[in-house]
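The chain contents come next:
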Amino acid sequence: MTAPNIKLHKGDLPAGLTFPNGVAIDTETLGLKPHRDRLCLVQLSGGDGTAHLVKFDARTYEAPNLKALLADQNTLKIFHFARFDVAVLEQYLGVVTTPVYCTKIASKLSRTYTDRHGLKDLVGELLGIEISKQQQSSDWAAAELSDSQKSYAAHDVLHLHALKSKLDMMLAREGREELADKAFKFLPTRARLDLVGFEEDDIFAH
Ligand code: MN
């Protein structure tokens, strides 16, 4: 695999970046509870082999360029398990991310032959690329990120455009594009339900 082009930014994206083919986004936090575990890193890629890493110091979440991108109705934001990232981004940046696409939901709606919907599983099966999840639980608040942290963080966004292409074909094959689209539109609401305390409850259950 060729080494990705990784650009590290402090506190915000530089001005003037555009993502005409949509932008893949992932976040790294101090844990899995958005109210407790703060946002440390936002990774972004236009699907061109470059990853932008935006690192946040504690309690400094101005980031006007990133916020504008997240809310830009003309730029599709591509996530893997968007439910978590969209909740974290709303909690810390105060922005509802929209429109969104989620490769995990696309996978669940189209790859019903398996229960393996993790990013590593998808990238391995659909793209033939091995990615490591070794740095997943490392200290993302460290003053200086290690090279392996930066590489890990970049690989969580570098493959999402290619995955989306494959999954879109599978959704079309199974006639579930519209269902997926409606699930994606509901995602910001699902994330909000998590933030206000309905994370365990299925409000549609009897
Ligand atoms: Mn990640």
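The structure we're discussing is the one just above.
Residues numbered from 1 in each chain as written. Predicted model: local features only at pLDDT ≥ 70, side-chain atom pairs only at ≥ 80, totals over all residues. Heavy atoms only, no water.

## What to know about the overall build of the protein chain
Note the threshold: The numbering of helices and of strands both runs from the N terminus, where a helix is a DSSP run of H or I of at least 4 residues and a strand a run of E of at least 2. Each residue gets one of three labels from its accessible area relative to the maximum for its type: buried under 20%, exposed over 50%, partly exposed in between, using a 1.4 Å probe on protein chains only. Areas reported as accessible are Shrake-Rupley estimates using a 1.4 Å probe. Residue values count occlusion only from the protein chains shown. Counted as positive: Lys and Arg. Counted as negative: Asp and Glu, with His and the chain ends omitted from the count. One atom stands in for each charge, and that atom is NZ of Lys, CZ of Arg, CG of Asp or CD of Glu.
What the protein chain contains, in helices and strands, is seven helices and six strands. Counting helices and strands in the order they occur from the N terminus, the protein chain gives β-β-β-β-α-β-α-β-α-α-α-α-α. Each principal axis of the C-alpha atoms in the protein chain carries an extent, and together these give about 45 × 40 × 30 Å. Here the protein chain holds 206 residues, and the buried ones make up 47% of them. When the accessible surface of the protein chain is split by element, carbon and sulfur atoms take 51% of a total near 10,600 Å². Charge-centre separation for the protein chain: the mean point of 25 positive side chains lies 0 Å from the mean point of 28 negative side chains.

## Some remarks on the nonpolar core
Defined as follows: The nonpolar core is taken to be a set of buried Ala, Val, Leu, Ile, Met, Phe, Trp, Tyr and Cys residues, with the residues joined through side-chain atoms within 4.5 Å.
L39, V42, L44, F56, L66 and L93 are the most contacted members of the largest nonpolar core, which has 56 residues in total. Of all the elements, helix α2 (residues 82-93) adds the most residues to this core, at eight residues.

## Quick notes on the coordination of the manganese ion
The test is simple: Think of the donor list as every N, O and S atom within 2.8 Å of the metal, or within 3.2 Å for Na, K and Ca; water never makes the list, so a site can look incomplete.
Looking at the manganese ion, one finds its protein donor set to be D26 (OD), E28 (OE) and D156 (OD), positioned 2.0 to 2.1 Å from the metal centre. Within one chain, the residues serving as donors to the manganese ion are arranged as D-x1-E-x127-D. Its relative accessible area of 12% is what places D26 among the buried residues.

## Considerations on the pattern of salt bridges
What counts here: A pair is scored as a salt bridge if a Lys or Arg side-chain nitrogen falls within 4 Å of a carboxyl oxygen belonging to Asp or Glu.
Applying the stated criterion across every chain, the model contains 13 salt bridges. With its nearest N and O atoms 3.6 Å apart, the salt bridge here joins K120 to E130. Pair noted here: K120 is in helix α4 (residues 119-127) and E130 is in the loop between α4 and α5 (147-158), with a separation of 10 residues, a long-range link. With a shortest N-O distance of 4.0 Å, K150 and D147 are connected by a salt bridge. Of the two residues, K150 and D147 are both situated in helix α5; the distance of three residues between them amounts to about one turn of the helix. Classification of K150 as partly exposed rests on a relative accessible area of 22%. Connected through shared salt-bridge partners, R83, R190 and D194 make up one network.

## Structural notes on the packing of α4 against helix α6 (residues 160-173)
Quick reminder of the rule: All axes are obtained by fitting lines to C-alpha atoms, using only the stretch in contact for helices, and the reported angles, taken between N-to-C directions, cover 0 to 180 degrees. Angles below 35 degrees are treated as roughly parallel, those above 145 as roughly antiparallel, those between 65 and 115 as roughly perpendicular, and all remaining angles as oblique. Only heavy atoms matter for contacts: two residues are in contact if any of them lie within 4.5 Å across the pair. Amino acids outside the nonpolar list (Ala, Val, Leu, Ile, Met, Phe, Trp, Tyr, Cys, Pro) and the charged list (Asp, Glu, Lys, Arg) are all regarded as polar, and Gly is one of them.
Relative to each other, α4 and α6 sit at 70 degrees, their axes nearing to 10 Å. Judged by the angle between their axes, α4 and α6 are roughly perpendicular. Residues L119, L122, V123, L126 and L127 of α4 touch α6, and the partners they reach there are L160, A162, L163, K166, L167 and M170. Of the residues that constitute the contact of α4 with α6, the class distribution is 10 nonpolar, no polar and one charged.

## Overview of a nonpolar patch on the surface
Note the following rule: Exposure above 30% relative accessible area and no salt bridge define the residues that can form patches, which grow by joining like charges within 9 Å and nonpolar side chains of Val, Leu, Ile, Met, Phe, Trp and Tyr within 5 Å.
A cluster of nonpolar side chains, F186, V196, F198, I203 and F204, forms an exposed patch at the surface whose accessible area comes to about 500 Å². With respect to the element layout, F198 can be found in the segment after α7 (177-195).

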